[in-house]
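Listed here are the chains, written in short residue letters.
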Amino acid sequence: MQKTQAKDPLPGGAPSARRKKRTTMPAQGIIYNIQRMSTQDGPGLRTTIFFKGCPLHCLWCSNPESQALHPQLMFFPDLCVGCGRCMEACNSGAILRKGSICDRKFSRCTNCGSCAEICPTTAASISGKPYSVKDVMHIVEKDASFYFNSGGGVTFSGGECTLQGVFLLELLEACHREGLHTCVDTCGCTDPGLFRQVMDKADLFLFDMKHMDDAQHRQLVGVGNSAILTNLRILLATCPEKARIRIPLIPGFNDSKENIAAVADFLRPFQVRQVDVLPCHSYGRNKYEALHKAAPDVQEYRPEELRTVLARFSTHGLETEIVK
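In short, a report on the structure.

**Some details on the overall build of the protein**
Part 1: Summing up its helical and strand segments, the protein has 12 helices and 13 strands in all.
Part 2: Against the 2.2 N^0.38 benchmark of 20 Å for 324 residues, the protein shows a C-alpha radius of gyration of 21 Å, consistent with a compact globule.
Part 3: The principal-axis extent of the C-alpha atoms belonging to the protein is close to 65 × 60 × 50 Å.
Part 4: Across the 324 residues in the protein, those meeting the buried criterion constitute 49%.
Part 5: For the protein, contacts bridging at least 24 residues in sequence account for 70% of all contacts bridging at least 6.

**What to know about the pairing of strand E11 (residues 243-249)**
Part 1: Most of E11 is tucked away, with 5 of its 7 residues classed as buried.
Part 2: In the sheet, strand E10 (residues 204-208) pairs with E11 via 4 bridges, with the strands oriented parallel. When the sheet's bridge partners are listed, Phe205 is paired in E11 with Ala243.
Part 3: Taken together, the 4 bridges between E11 and strand E12 (residues 274-279) define a ladder with parallel strand orientation.

**Quick word on the sheet that holds strand E13 (residues 319-322)**
Part 1: The 9 strands are arranged E7-E1-E2-E8-E9-E10-E11-E12-E13 in an open sheet whose pairing can be described as mixed. Looking along the sheet, the strands with just one partner apiece sit at the ends: strand E7 (129-132) and E13. Across the sheet, the mean angle separating the axes of adjacent strands is 30° when strand polarity is ignored.
Part 2: Here 4 bridges tie strand E9 (residues 181-186) to E10, and the two strands are oriented parallel to one another.

**Details of the side chain of Ser127**
Part 1: Position of Ser127 among the secondary structure elements: in strand E6 (residues 124-127).
Part 2: Not counting residues within four places of it along the chain, the set of residues in contact with Ser127 comprises Tyr32, Lys52, Glu65, His70, Pro71, Gln72 and Met74.

**Things to note about the pattern of salt bridges**
Part 1: This structure, assessed with the given rule, holds 12 salt bridges.
Part 2: Of the charged contacts, one joins Lys201 and Glu173 as a salt bridge, the two residues approaching to 3.1 Å between their closest N and O atoms. Here Lys201, found in helix H7 (residues 192-201), pairs with Glu173, found in helix H6 (residues 165-177); they are 28 residues apart in sequence, far enough to count as distant.
Part 3: You can call Glu173 partly exposed: its relative accessible area is 26%.
Part 4: In this structure, Asp208 and Lys210 form a salt bridge, with 3.1 Å as the shortest nitrogen-oxygen distance.
Part 5: On the basis of relative accessible area, Lys210 is assigned to the buried category, the value being 11%.
Part 6: Shared partners join several salt bridges into a network, and the residues in it are Arg244, Arg246, Asp276 and Glu321.

**Some words on helix H12 (residues 303-315)**
Part 1: If you check H12, its first and last C-alpha atoms are 19 Å apart, about what 13 residues at 1.5 Å a residue would give, namely 18 Å.
Part 2: Every buried residue of H12 is accounted for by Leu306, Val309, Leu310 and Phe313. With its buried residues spanning 100° around the axis, H12 presents them on a single face. Away from its buried face by more than 90 degrees, H12 exposes Arg307 and Thr315.
Part 3: Buried residues in H12 make contact with E11, helix H10 (257-267), E12 and E13.
Part 4: A positive backbone phi angle near 80° is found at Gly317, which sits one or two residues after H12.

**Here's the deal with the layout of surface pockets**
Part 1: Its volume calculated, the largest pocket comes out at about 1400 Å³.
Part 2: Only strand E1 (28-38), E9, E11, E12 and H12 provide two or more residues apiece to the lining of the largest pocket.
Part 3: Considering each element in turn, the lining of the largest pocket owes the most residues, 5 residues, to E1.
Part 4: Residues belonging to the lining of the largest pocket are distributed by class as follows: 22 nonpolar, 17 polar and 11 charged.

The rules behind these values
Position labels on residues start from 1 in each chain and follow its written sequence. It should be noted that, the model being predicted, local features are given only for residues of pLDDT at least 70 and side-chain atom pairs only at 80 or more, the latter also being counted only at that level, while totals for whole chains, interfaces and linings use all residues. With hydrogens and water stripped out, all remaining heavy atoms of the structure feed into the side-chain values. Here a helix means four or more residues in a row that DSSP labels H or I, a strand means two or more in a row labelled E, and each is numbered from the N terminus. To get the radius of gyration, use the C-alpha atoms; to get the globule rule, take the number of residues to the power 0.38 and multiply by 2.2 Å. Type-normalised accessible area, obtained with a 1.4 Å probe on protein chains alone, sets the label of each residue: buried when under 20%, exposed when over 50%, and partly exposed for intermediate values. Note on contacts: a residue pair qualifies if any of its non-hydrogen atoms lie within 4.5 Å across the two residues. Strand pairing is defined by DSSP finding a minimum of two bridges between the two strands. Angles shown run from 0 to 180 degrees and are taken between the N-to-C directions of axes, each axis being a line fitted to C-alpha atoms and, for helices, limited to the stretch in contact. Within this document, salt bridges are pairs made up of a side-chain nitrogen of Lys or Arg and a carboxyl oxygen of Asp or Glu, the two lying within 4 Å of each other. Helix span, as expected, comes to 1.5 Å for every residue beyond the first. Each C-beta atom gives one direction from the helix axis, and the arc is the one those directions make. A pocket here means an open set of points on a 1 Å grid, computed over the protein atoms alone, that has protein on both sides within 12 Å along at least five of seven lines. A cavity is instead a set of points where a 1.4 Å probe fits but cannot get out; residues with an atom within 4 Å of a point line either one. Grid points are joined across faces, edges and corners, and a volume is the space filled by probe spheres set on the points. Under the convention adopted here, Pro, Cys and the residues Ala, Val, Leu, Ile, Met, Phe, Trp and Tyr are nonpolar, Asp, Glu, Lys and Arg are charged, and Gly plus all remaining residues are polar.

Below is the structure:
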């Protein structure tokens, strides 16, 4: 009997009939950061809401605290003054004296947050906490005048915001009621049914393209690209005016002539003429240490290297804009 290849699970699937019966309960989500007055996440001045949890595990990820859906302890040794308050607060024996600091044994940590609550220097902090739609909108509405004056609005990012699909849909609806422009920054790895619902409510998408080859995509981020490309086709065919393509450029990973040619071939039938490129950087290395994880082994581009890669896009008629 012939075996069929297992498909990647699709996160954030459309709400089932059983879930729809529970709409009287307000949705909650896990948010790990809210950045006000952002200028890189869509047009104008924006408030960017960073959702926790991501179905991808990119080898170059600079926000490792975004990957897991649950709240996580982060410990920055350089900020620890060794006061010992956290040792008194911890009930799991996860804090050990190491020289002049109070180090963490992450295998014992339960992410309860007791040490973070009492830490005077934020050496210990919890990444991710529950928010209701009302909580998020209370923050968003503080800057409404700046949105309207600058042509800005609210951007939902991550992690991957569609992983918390019900919460995202309710936030989009709440913003719509207030007349706020909304943008969804997505890797596109989600159930097409949910994606169509999000597409109907959002005003703009910043859509990542990681790699065009399915096997290479799976090797680089942990899942294939079939669902991602399906959702991108839906977006470009249905409402291309909402799509802005973003390509994280990683030296030696996805910047080859072959991959860039494949990107251009995919976008050409949809008349896409410009893509945003996000050159690799190493800003997040200290976060890996704070989570007791190994940092990715990726290098930043030298200026001449980046110019060479950008020229490959222009060869195929694609203009590029660098986003930092």
